[in-house]
Amino acid sequence: SAVISQKPSRDICQRGTSLTIQCQVDSQVTMMFWYRQQPGQSLTLIATANQGSEATYESGFVIDKFPISRPNLTFSTLTVSNMSPEDSSIYLCSVLLAERRTDTQYFGPGTRLTVL
Amino acid sequence: DQQVKQNSPSLSVQEGRISILNCDYTNSMFDYFLWYKKYPAEGPTFLISISSIKDKNEDGRFTVFLNKSAKHLSLHIVPSQPGDSAVYFCAASGDGSGNTGKLIFGQGTTLQVKP
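Because the structure is a prediction, the values reported are computed rather than measured.

*Asks:* Let's hear about the overall build of chain B: which residues, and what values?
*Replies:* Assigned secondary structure in chain B consists of zero helices and 11 strands. When the helices and strands of chain B are placed in sequence order, the string is β-β-β-β-β-β-β-β-β-β-β. Over its C-alpha trace chain B gives a radius of gyration of 14 Å, about what one expects of a compact globule, namely 13 Å for 115 residues. In terms of overall dimensions, chain B has a C-alpha envelope of 45 × 30 × 20 Å along the principal axes. For chain B, with 115 residues in total, the buried portion stands at 43%.

Here's what the structure looks like:
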């Protein structure tokens, strides 16, 4: 398994500002992902964070709004830019420990974001 | 387009009885299915998974059944315990494009196990 930490655990932000969320893993992983869970909704994949290259975004999510960095195999950041109340969600990072798609994804504890 | 659906938002069972959580999917390309449990203020925790080449996988009190023809899977918890009270998500992966690791989640079912 993997131990995943996220910072901050929660934040309250003003609209128009940006917040960067950090995800740290205790071991090197091949694939890292960022998900969003809006209130009362399911988890939705935002993007796959690729080490050393640009992230791969899912339909409905764009780099200008959710820039992602992944400088090495244990760390990634997600920035929520120019926030609005609709961005209020739980943001989660997850990791796959190996190449095989059927390996288990492990999730971090999440960052609860409230935008006023 | 909700590719993975959990039609029961909540379920309440008595301690010691069986809990059955259901999940339906529409995409026939899905070939790997997982169940996660989520407590408030925590990230989802992996419970059990099943590949499409199987129709049953068991791990202790947890069993997942897959019916590919019906595009339906279920999670059985026997016996149910109060500590099982949480939100349960089913997830699916596989789109024929290779190793994406992308998971599609259902909406979740809140299970309450009463003492």
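*Asks:* Run through the interface of chain A and chain B, naming residues and quoting values.
*Replies:* With 20 residues of chain A at the contact, the number on the chain B side is 21 residues. A buried area of about 1,700 Å², summed over both sides, lies between chain A and chain B, and 54% of it is on carbon and sulfur atoms. Note that Glu58 of chain A is salt-bridged to Lys102 of chain B, the shortest N-O span being 2.5 Å. Counting every contact that joins chain A to chain B gives six residue pairs in polar contact (both at pLDDT 80 or more). Looking at the side of chain A that touches chain B, the elements with two or more residues in it are β4 (31–37), β5 (43–49), β9 (89–96) and β10 (105–107) of chain A. Broken down by element, the side of chain A that touches chain B gets its largest block of residues, four residues, from β4 of chain A.

Parameters and conventions
- Residues numbered from 1 in each chain as written.
- Chains lettered and ligands numbered in written order.
- Predicted model: local features only at pLDDT ≥ 70, side-chain atom pairs only at ≥ 80, totals over all residues.
- Heavy atoms only, no water.
- Helix = DSSP H or I, 4+ residues; strand = E, 2+ residues; numbered from the N terminus.
- Rg over C-alpha atoms; globule rule 2.2 N^0.38 Å.
- Buried < 20%, exposed > 50% of the residue type's maximum accessible area, 1.4 Å probe, protein only.
- Contact = heavy atoms within 4.5 Å.
- Buried area = accessible area lost by both parts, 1.4 Å probe.
- Salt bridge = Lys/Arg side-chain N within 4 Å of Asp/Glu carboxyl O.
- Polar contact = N/O pair within 3.5 Å; in protein donor to acceptor, adjacent residues only side chain to side chain.

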